Amino acid sequence: MTSPVNIIVGSHVWAEDPVSAWIDGQVNRIDGQNVHIQTKNGKKIVANISKVFPKDTEAAPGGVDDMTKLSYLHEPGVLQNLATRYELNEIYTYTGNILIAINPFQRLPHLYDTHMMEQYKGAGLGELSPHVFAIADVAYRAMMNEGKSNSILVSGESGAGKTETTKMLMRYLAHLGGRTGVEGRTVEQQVLESNPVLEAFGNAKTVRNNNSSRFGKFVEIQFDRSGRISGAAIRTYLLERSRVCQISYPERNYHCFYHLCAAPPEEREKYKLGPPESYSFLNQSKCYKLDGVSDAEEYLATRRAMDIVGISEADQDAIFRVVASVLHLGNIEFSKGKEIDSSGIKDDKSRFHLNTTAELLKCDPKSLEDAMIKRVMVTPEEIITRTLDPEAALGSRDALAKTIYSRMFDWIVQKINNSIGQDPNSKAIIGVLDIYGFESFKHNSFEQFCINFTNEKLQQHFNQHVFKMEQEDYEKEEINWSYIEFVDNQDVLDLIEKKPGGIIALLDEACMFPKSTHETFAQKLYQTFGKNKRFIKPKLSRTNFTIAHYAGEVTYLADLFLDKNKDYVVAEHQDLLTASKCSFVASLFPALPEDSSKSSKFSSIGSRFKLQLQSLMETLSHTEPHYIRCVKPNNVLKPAIFESENVIQQLRCGGVLEAIRISCAGYPTRRTFDEFLLRFGLLAPEALEGNSDDKVACQLILDRMGLKGYQLGKTKVFLRAGQMAELDTRRSEVLGNAARTIQRQIRTYIARKEFVSLRHAAIKLQSCWRAISACEFYAELRRESASLKIQKNFRRYIARKSYLTLQDSAVRVQAGMRAMIARTEFRFRKQTKASIKIQAQWRGHREYSYYKNLQKAAVVTQCGWRARVARRELRMLKSAARETGALKEAKDKLEKKVEELTWRVQFEKRLRTELEETKSQEIAKLQEALHSMQIQVEEANARVVKEQELARKAIEEAPPIIKETPVMVQDTAKIDALSAEVENLKASLLSEKLAAEEATKACSDAEARNTDLAKKLEEAGAKVDQLQDSVQRLEEKLSNSESENQVLRQQALTMSPTGKAISARSRTMIVQRTPDNGNILSGETKTNNDLTLAIVNPKEPESEEKPQKSLNEKQQDNQDLLIKCISQDLGFSGGKPVAACIIYKCLLHWRSFEVERTTVFDRIIQTISSSIEVADNNDVLAYWLCNTSTLLMLLQHTLKASGAASLTPQRRRSSSASLFGRMSQGLRATPQSASGIPFLNGRTLGRLDDLRQVEAKYPALLFKQQLTAFLEKIYGMIRDNLKKEISPLLGLCIQAPRTSRSSLVKGRAQANAIAQQALIAHWQSIVRSLDAYSKTMKANYVPAFLVRKIFTQMFSFINVQLFNSLLLRRECCSFSNGEYVKAGLAELEQWCLFATEEYAGSAWDELKHIRQAVGFLVIHQKPKKTLNEITNELCPVLSIQQIYRISTMYWDDKYGTHSVSSDVISSIRVMMTEDSSNGVSSSFLLDDDSSIPFSVDDISKSMQTVDVADVEPPPLIRENSGFVFLHQRAD
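Treat the numbers as computed from the prediction; the structure is a model and nothing was measured.

**Things to note about the sheet that holds strand β12 (residues 229–237)**
Point 1. Strand order in the open sheet formed by seven strands is β6-β7-β21-β8-β17-β11-β12, and the pairing between neighbours is mixed. Two strands close off the open sheet at either side, each with one partner strand: β6 (92–95) and β12. Geometrically, the sheet is characterised by an average inter-axis angle of 20 degrees between neighbouring strands, direction not taken into account.
Point 2. With five bridges joining them, strand β7 (residues 98–102) and strand β21 (residues 624–631) adopt parallel strand pairing. Each bridged residue has a counterpart across the sheet, and for I100 the counterpart in β21 is R629.

What follows is the structure, given as structure tokens:
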């Protein structure tokens, strides 16, 4: 990554910055090797030209999803791209086929839901936005296609999100190849469920992460031949054993210790535990709790997880006994003993913990004490026992604790593997490596040494893989790459692991010598590697050493290397725990064989770890690797914070920058020919003219610029490091010259424009001055004229005002006089009218009361007489009911009598109720009239008194000669007459009250009599009910006889040579019941011929079985013929499906809906099922969609559930329980009975409105449900066929292929037009598919309602697919692509208009999401749009998450404009944060709705009526005598 020398004044560059790692600015001056830069924050800095890198000013504002597409592939460019994408919540970025994942420190569930998994399923790498699912999918597809195992290496420092990334990988692989495992749990579920257990015992809080994995984990997911998960295994590496005994603030020990201390009280009492502050292994750090985490809840969760992975209750208890024993073991302290270099238990507290530890481990306390403070040395002569000093005893105690814990952790891992189960026959695996990243702390010890050794190994593997990918890319483009240098770190690996002479070998050698110390080990290292360029000796330390790793220099403290490297088990510890009475503890320390005990017991962690690492690397070498580098953006673990210095350090440690160095060693800049011409074509415009070959044009441009060392591949231009900057410099010069030319022309234009404007202003000023002078003169003339007009108008106003005042006074006097006269006349007329009205009301009331009383008496008398006659008739009917032949006539007469009597009683009650209401209303009216008359009389009296007083005063004050006196006398006479009339009215009212009281008494007497009569009628009604029951039983027998009569008549018709005549005659003589009440429509009796046919000789029972048997056979033959008929394509008759109509008429005629058992329904369903077995025959599917929908509509109108209130066609008893209910039904049926319309034995059907209701039994209802299911199935098959047909086309319609820059020059327009025509052909193919389906469904008369639903769902599917693809693929969110999709949507809109609303419906509205998204892409001046305009006007349907996604992914490949402003983006983020806190889903993808969007009721309401009677039967059954009823027509 050496800096290019093409830095000139004005160049935009990156320079190093101590705060933000890199800062951008512009070069002001260059002094030799020093560059003066004006930074973006206003500061001026000076940097060496070798440490300055060019900045791409034309980079996309949202960054690029693959950093190999960067114009400048260097460290600041990579950092800026990652920061830009992280700011937009784009946490994933590719570097070739390496995925960089930046931890967002917040939940983003929309990125990991099932719908997102489906989007990445089968998609190529780079086709969609970067995602962890894409890496997993590539690994799975490679395994399936090539049969080779794959591995995914997830690395990163603590807190970068490695564990979560691993979980997402597991989820996606389970989605692709999961299957049910043991006990209903899948293998992948068991692996995921093992995470809480491993995290509890292997994770801890570190400085940088609250849940850091302190061990390496490699998960092998095993697959069978079909790609299904068949097994799994978990391999762990280097558990950090020293953490058990040593921690520092603010870290914590392993989670399980704190979980156990927060367990329920009975658990803590069981293990004799207290708070974590009381234990030495935990209180070394004052951090005991994690924010937002409850250790008590985590304890219960760990217990549940252990149950899930198959750890029994006994083993769980033993595990936590061991955990508790480790805590108690840490509280055992030692003091000096009586002898020299001896030790003993310090105090009673330590003794208590010693006894508790022995109790938990189920071993002898004394033996435990001796194992920690004594050592047995075996010599050839004797066995020597020596006592350890207190410091050595503490070391022995800590070694025992670490050994117990590490053995327990290994046992848990083995138990989990046994629970999951491995597949020995597995053909391929996908391994997911969750390994610790490179670590460099203030104090680094043996753990960091091993971790960094691992990362060096993995980095070498990574470098080889990256170099291999580069090599494949060069070979694919057919360029020469043999001279490219390869960066290798083998020298560091040799320094660490080489035998003999490596650091690990020297460490093992030092551990084998008892007198070796960390100082002697360090001196040995200094002597051995003093001249190694990767090994550095610090100046001020005697035990530290520094290694120059690929990610930087790390200084290690050798003080504890020897202790931490020793892995052998002390013999006393081994013997103690092997003899434990706890089977779990004893199994952790199996007895060693004799030969093992005699040999050397030494083993080292370094050597064992190196072997594990070699095994891992061997496994990885046999797999195809895929890399995910996890990055932690900040150390405060909060979202939206990007610390550049921290990130760049992780990129170095993760090897990302090393991969960039490998790329820079070859050709770091690669551009396709059209991209290169689009950017640098202006350097040689003549190269584009007349050249149809883009490669030739690129060659001409590069040669003209004088570049050397570049290469041209098959599709790309490969540039060496620095050549891109040189081309940009030349391009900047060309653009600068063009800009100066434009500025010169603009300045000329501005100067001339100012001169012309000044001259125009002078002319305008003179014109305005002259106009002002003329206006002043004109204003003087106007003022003089106005003064004269004002004087004239004022004098006129004064005169008119005086006249109007006089006129108004005269009018007021006249109006007052006329009003007084009118009021007097009005009062007189009002009083006269009121008196006449009172008289009329009274006379009417009197006559009406007399009439009502007379009518009531007559009705009561008639009712009594009719009841008596009815009882007499009832007795006669009972006697006549014994004979069956006369039953029908007697029953009908009795029913008529009962109904008439009941109607009379009801009518009498209604009359009585109306009489009472009328009486109460009349009384109320009379009372109101009386009250009003009293008020009027009082007012009249008051007015009379007042008038008399006024008259008296007027007489006294008037002069002697007054002519108005006769008028007063006349008024007084009128008043006297009115007073007399009022008195008469009072008398009349009094007499009326007396008459009303007499009428009330008479009414009460009549009510009493009516009550008695009603009781008698109820008794008669009960008797009638009993008789009705007996009549019903007889009626059923009669009905059976009629059925047999019909059967015999049909047989006689088929056997008689004159069957047609008999049939015609019999049809005219058969009587019919109404479908409402079962009464006979015409005729009371049957003819003698019918009776003769209906009667069977009771002396010959065999003759009864023969017709019944022949009837069943006949019905079976008819059913067979029907099934054979409908299995053919019967077509349509007048737009009506023949098959559906024939089925319906046959089922109705055979009364199949009313029987308890029949097979005809199942046979019809089987016929339909066999007809639609060919799922891709849309013509057959459309034919049966029409038939099933029509038949279902007919059934919906005909069938009703058993027990409904309405009546069946068979004669049966009325459903009303009361006598009055039966009477009312009889009255309602009377008009229909009187009409006498014959219905030809109830089998002829008219319009749909005439369809009779049938009480359906269970088989009929089941048939309706099955038919509904088949209708939905056929609908779904047609819809899915259309989806399958257009799905491949949608993938071609979402993105317009890029056209070359050279196609825009002269001579290429015709080819461009042909290309555009080819592009729109994809949309036209979709339109043709829609047309074909539309024509097929119209040809088969599919109801328009169903056609609308199909196309509505199809357009919704198109909307979902296009919209989701738009949001997942950044290359689709461009201006030109928006224009392309918009043109395609116009094609669909034209189709909707052509298809008409009857068939297209609201299909066009279903595209609202993609229409608004495309509309946003193609609008200009997006930065000027406010958030309110975007959400309310441009994209009201889109959610705030969808708007944010489009806004951040948009790029203008046509005009170079930008997306919305940063203020709008900030506002959208705030709204998204609020929605996230309120629980609103953050998913930006749409879901495809594949449900059935209608119900049976919707079909029956939307379809037009079907006249099934007009459908001609098919030839197959037309001449068959069993289907004669199909020829009948409605009247």
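**Topic: the nonpolar core**
Point 1. Counting 260 residues, the largest nonpolar core has F201, F257, M408, I628, L651, L1385 and L1388 as its most contacted members.
Point 2. Broken down by element, the residue count for this core peaks at 16 residues, all from helix α38 (residues 1344–1368).
Point 3. When near neighbours in sequence (up to four residues on either side) are disregarded, F201 contacts Y254, C256, T302, M306, I319, F320, V323, Y405, M408, F409 and I412.

**As for the pattern of salt bridges**
Point 1. Taken as a whole and assessed by the stated rule, the structure comprises 32 salt bridges.
Point 2. Where R29 meets D31, a salt bridge forms, and the shortest distance between an N and an O atom there is 2.4 Å.
Point 3. With relative accessibility at 34%, the residue D31 sits in the partly exposed group.
Point 4. In this structure, R252 engages D295 in a salt bridge whose closest nitrogen and oxygen atoms are separated by 3.7 Å. Taken as a pair, R252 in the loop between β12 and α6 (255–261) and D295 in helix α8 (residues 295–308) lie far apart in primary sequence, 43 residues in all. Like D295, R252 is buried.
Point 5. Each of R214, E240, R243 and E251 takes part in one network of salt bridges that share partners.

**Side note on the packing of aromatic side chains**
Each aromatic ring pair is summarised here by two numbers: the centre-to-centre distance and the angle between the ring planes.
Point 1. Per the counting criterion, the structure on display carries 36 aromatic pairs.
Point 2. Centroid distance F215 to F409: 5.1 Å. Interplanar angle 65 degrees. Geometry classified as edge-to-face. Here the residue F215 occupies a position in the loop between β10 (212–213) and β11 (216–223), and F409 occupies one in helix α12 (residues 390–420), the gap between them amounting to 194 residues. For the pair F215 and F409, one class covers both residues: buried.
Point 3. For the pair F545 and Y556, a centre-to-centre distance of 5.6 Å together with 35 degrees between the ring planes defines the contact as tilted. Note that F545 is positioned in strand β19 (residues 544–549) and Y556 in strand β20 (residues 552–557), a separation of 11 residues in sequence.
Point 4. Residue F545 is classed as buried on the basis of its relative accessible area of 0%.

**Some remarks on the confidence of the model for the chain**
Point 1. Per-residue confidence for the chain averages 79 on the pLDDT scale, and 84% of its residues sit at or above 70.
Point 2. Counting interchain partners and residues more than four positions distant, the pLDDT-below-50 stretch residues 1204–1250 has 101 contacts.

**Quick look at a nonpolar patch on the surface**
Point 1. Taken together, the side chains of I742, I746, Y749 and I750 define a hydrophobic patch exposed on the protein surface, amounting to about 400 Å² of accessible area.
Point 2. In this structure, Y749 sits in helix α26 (residues 723–880).
Point 3. Residue classification places Y749 among the exposed positions, given a relative accessible area of 51%.

**Quick notes on the pairing of β12**
Point 1. β12 sits mainly inside the fold: eight of its nine residues count as buried.
Point 2. Across eight bridges, the pairing between β11 and β12 is antiparallel. From the neighbouring strand, V219 faces β12, where its bridge partner is I234.
Point 3. Between the antiparallel neighbours β11 and β12 lie five residues, among them G227 with a positive phi of about 85 degrees.

**Topic: the sheet that holds β20**
Point 1. The strand order across the open sheet formed by three strands is β18-β19-β20, and the pairing between neighbours is antiparallel. Unpaired on one side and paired on the other, β18 (535–536) and β20 mark the two borders of the sheet.
Point 2. Across two bridges, β18 lies against β19 in antiparallel orientation. Within β19, the residue paired with I536 across the bridge is T546.

**Considerations on the side chain of T165**
Point 1. By secondary structure assignment, the location of T165 is in helix α4 (residues 162–177).
Point 2. T165 gets classed as buried once you look at its relative accessible area, which sits at 8%.
Point 3. Contact partners of T165, with chain neighbours within four places excluded, come to V132, V154, I628 and C630.

**Observations regarding the packing of helix α15 (residues 503–512) against helix α16 (residues 518–529)**
Point 1. Relative to each other, α15 and α16 sit at 145 degrees, their axes nearing to 10 Å. By crossing handedness, the relation of α15 to α16 is classed as right-handed. When α15 is examined against α16, the residues I503, L506, L507 and A510 are found in contact with a partner set consisting of F521, K524, L525, T528 and F529.

**Quick word on unusual backbone geometry**
Point 1. A cis amide bond links Y249 to the next residue, P250, at an omega of 5 degrees.
Point 2. Looking at the secondary structure, you find P250 in the loop between β12 and α6.
Point 3. Unlike most non-glycine residues, A21 shows phi in positive territory, near 70 degrees.
Point 4. Tracing the backbone through its elements, the reader meets A21 in strand β2 (residues 21–31).
Point 5. A relative accessible area of 7% places A21 in the buried class.

**Focus: helix α13 (residues 446–477)**
Point 1. Under the 1.5 Å per step criterion, the end-to-end length of α13 is 46 Å for 32 residues, consistent within 8% with the ideal 46 Å.
Point 2. With its phi angle positive at about 60 degrees, E478 sits one or two positions after the end of α13.

**Regarding the side chain of N634**
Point 1. Of note, N634 is situated in the loop between β21 and α22 (644–653).
Point 2. With relative accessibility at 0%, the residue N634 sits in the buried group.
Point 3. Within the structure, the side chain of N634 is placed 2.8 Å from the backbone oxygen of I641, a separation counted as a polar contact.
Point 4. For N634, the contacting residues outside a window of four places in its chain are F105, I641, E643 and N646.

Calculation criteria
Residues numbered from 1 in each chain as written. Predicted model: local features only at pLDDT ≥ 70, side-chain atom pairs only at ≥ 80, totals over all residues. Heavy atoms only, no water. Pairing = 2+ DSSP bridges. Helix = DSSP H or I, 4+ residues; strand = E, 2+ residues; numbered from the N terminus. Axes fitted to C-alpha atoms, helices over the stretch in contact; angles between N-to-C directions. Core = buried A, V, L, I, M, F, W, Y, C linked by side-chain atoms within 4.5 Å. Buried < 20%, exposed > 50% of the residue type's maximum accessible area, 1.4 Å probe, protein only. Contact = heavy atoms within 4.5 Å. Salt bridge = Lys/Arg side-chain N within 4 Å of Asp/Glu carboxyl O. Phe/Tyr/Trp six-rings, centres within 6.5 Å; stacked < 30°, edge-to-face > 60°. pLDDT = per-residue confidence, 0-100. Patch = residues over 30% accessible without salt bridge, like charges linked within 9 Å, V, L, I, M, F, W, Y side chains within 5 Å. Areas by Shrake-Rupley, 256 points an atom, 1.4 Å probe, with all protein chains shown as cover. Left-handed = near helix turned anticlockwise from the far one by under 90°. Expected span 1.5 Å × (residues − 1). Polar contact = N/O pair within 3.5 Å; in protein donor to acceptor, adjacent residues only side chain to side chain.

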